[in-house]
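# Fold and geometry: a report
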Amino acid sequence: MEKILEQIRAMCLELNRKYPKYYKTERDPKLCEHLQVPDGETVLLCHDDTLFRSGKDGFVITEKGFYTDLMMEHVTYFTPFEKLAAAEQIYETEYVIYADNTPLMYSSVGGAAAAESLIDLATSVKRLMTEL
């Protein structure tokens, strides 16, 4: 699993390099607090989608899986990598990347290219997890 985590980390770093204004690879305290990401989990990628960086909307990817909160819902969705591996389809609708009907990531920035990059990331993680 450590080898897979290193590959996921590398993909997250690449997204951060490609879109440095949108995605970070360090822990965002407000976002992690709102999404209830445990203190011990290492953040691989995160995005605060709020205008004033309140941390109330966006996503966090850790070594355990995906945490997200959709705009104005105030509900945290957590999808472990193992559950993503079992998903039949990954798709985007109105700024949300889904695995089947479960929200993985919420991001309203970067247009179609950034959304496609997030779909590619989720698809790659799913592929890596199914190869275990």
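Presented here is an overview of the structure given in this document. Remember, it's a predicted structure, so these values are computed and weren't measured experimentally. (Residues numbered from 1 in each chain as written. Predicted model: local features only at pLDDT ≥ 70, side-chain atom pairs only at ≥ 80, totals over all residues. Heavy atoms only, no water.)

## What about the sheet that holds strand 2 (residues 58-62)?
Selection rule: A strand pair is defined by DSSP finding two or more bridges across the two strands. Helix and strand assignments come from DSSP, with helices taken as H or I runs of at least 4 residues and strands as E runs of at least 2, each series counted from the N terminus. Only the stretch in contact is used when fitting a helix axis, every axis being a line fitted to C-alpha atoms; angles between N-to-C directions are given from 0 to 180 degrees. Only heavy atoms matter for contacts: two residues are in contact if any of them lie within 4.5 Å across the pair.
Strand order across the open sheet formed by 4 strands is 1-2-3-4, with antiparallel pairing between neighbours. In this open sheet, the two strands that pair with only one neighbour each are strand 1 (43-48) and strand 4 (76-80). Adjacent strand axes in the sheet meet at a mean angle of 10°, parallel and antiparallel pairs treated alike. Bridging between strand 1 and strand 2 involves 5 bridges; their strand directions are antiparallel. Each bridged residue has a counterpart across the sheet, and for His-47 the counterpart in strand 2 is Phe-59. Contacts from helix 1 (residues 2-18) reach strand 1 and strand 2, with the element oriented near 35° to strand 1.

## Observations concerning a negative patch on the surface
Note the following rule: Within this analysis, patches are made of residues with over 30% relative accessible area and no salt bridge. Like charges are joined at 9 Å or less; nonpolar side chains (Val, Leu, Ile, Met, Phe, Trp, Tyr) at 5 Å or less. The protein chains shown are the only cover counted for residues, whose accessible areas, like all others here, come from Shrake-Rupley with a 1.4 Å probe. Definition used for salt bridges: Asp or Glu carboxyl oxygen within 4 Å of a side-chain nitrogen of Lys or Arg. This count recognises Lys and Arg as positive and Asp and Glu as negative, with His and chain-terminal groups excluded. Throughout, a charge is located at the NZ atom of Lys, the CZ atom of Arg, the CG atom of Asp or the CD atom of Glu. Throughout this description, buried means an accessible area under 20% of the type-specific maximum (1.4 Å probe, protein chains only), exposed means over 50%, and partly exposed covers the range between.
On the surface, a cluster of negative charge is contributed by Glu-92, Glu-94, Glu-116 and Asp-120. One can find Glu-94 in the loop between strand 5 (90-93) and strand 6 (96-99). Its relative accessible area of 65% is what places Glu-94 among the exposed residues.

## Digging into the packing of aromatic side chains
Our working rule: Note on aromatic pairs: the rings of Phe, Tyr and Trp (six-membered ring only in Trp) are paired at centre separations within 6.5 Å, and the planes decide the class, stacked below 30 degrees, edge-to-face beyond 60, tilted for the rest.
The tally for this structure, following the rule as stated, stands at 7 aromatic pairs. Seen from their ring centres, Tyr-19 and Tyr-23 are 6.0 Å apart, and the 85° between their planes marks the pair as edge-to-face. The exposure class assigned to Tyr-19 is buried, which follows from its relative accessible area of 12%. Look at Tyr-67 and Phe-78: their rings are 4.5 Å apart centre to centre, the planes differ by 40°, and that puts the pair in the tilted class. Placement of Tyr-67 in strand 3 (residues 65-69) and of Phe-78 in strand 4 is noted, with a sequence separation of 11 residues between them. On the basis of relative accessible area, Tyr-67 is assigned to the buried category, the value being 6%. Through pairs of rings, three or more aromatic residues link up here, namely Tyr-19, Tyr-22, Tyr-23 and Phe-59.

## Examining the packing of helix 1 against helix 4 (residues 111-130)
What counts, and what does not: Throughout, the term roughly parallel applies to angles under 35 degrees, roughly antiparallel to angles over 145, roughly perpendicular to angles from 65 to 115, and oblique to all others. Note on residue classes: Ala, Val, Leu, Ile, Met, Phe, Trp, Tyr, Cys and Pro are nonpolar, Asp, Glu, Lys and Arg are charged, and everything else, Gly too, is polar.
Packing of helix 1 against helix 4 leaves a shortest axis separation of 10 Å and a crossing angle of 175°. As summarised for this structure, helix 1 and helix 4 are arranged roughly antiparallel, according to the angle between their axes. Counted together, Ile-4, Gln-7, Ile-8, Met-11, Cys-12, Leu-15 and Lys-18 of helix 1 and Ser-117, Leu-118, Leu-121, Ser-124, Val-125, Leu-128 and Met-129 of helix 4 form the full contact between these two elements. Tallied by class, residues from the contact of helix 1 with helix 4 come to 10 nonpolar, 3 polar and 1 charged.

It is worth stressing that arrangement in space is one thing and function is another; only the former is reported here.
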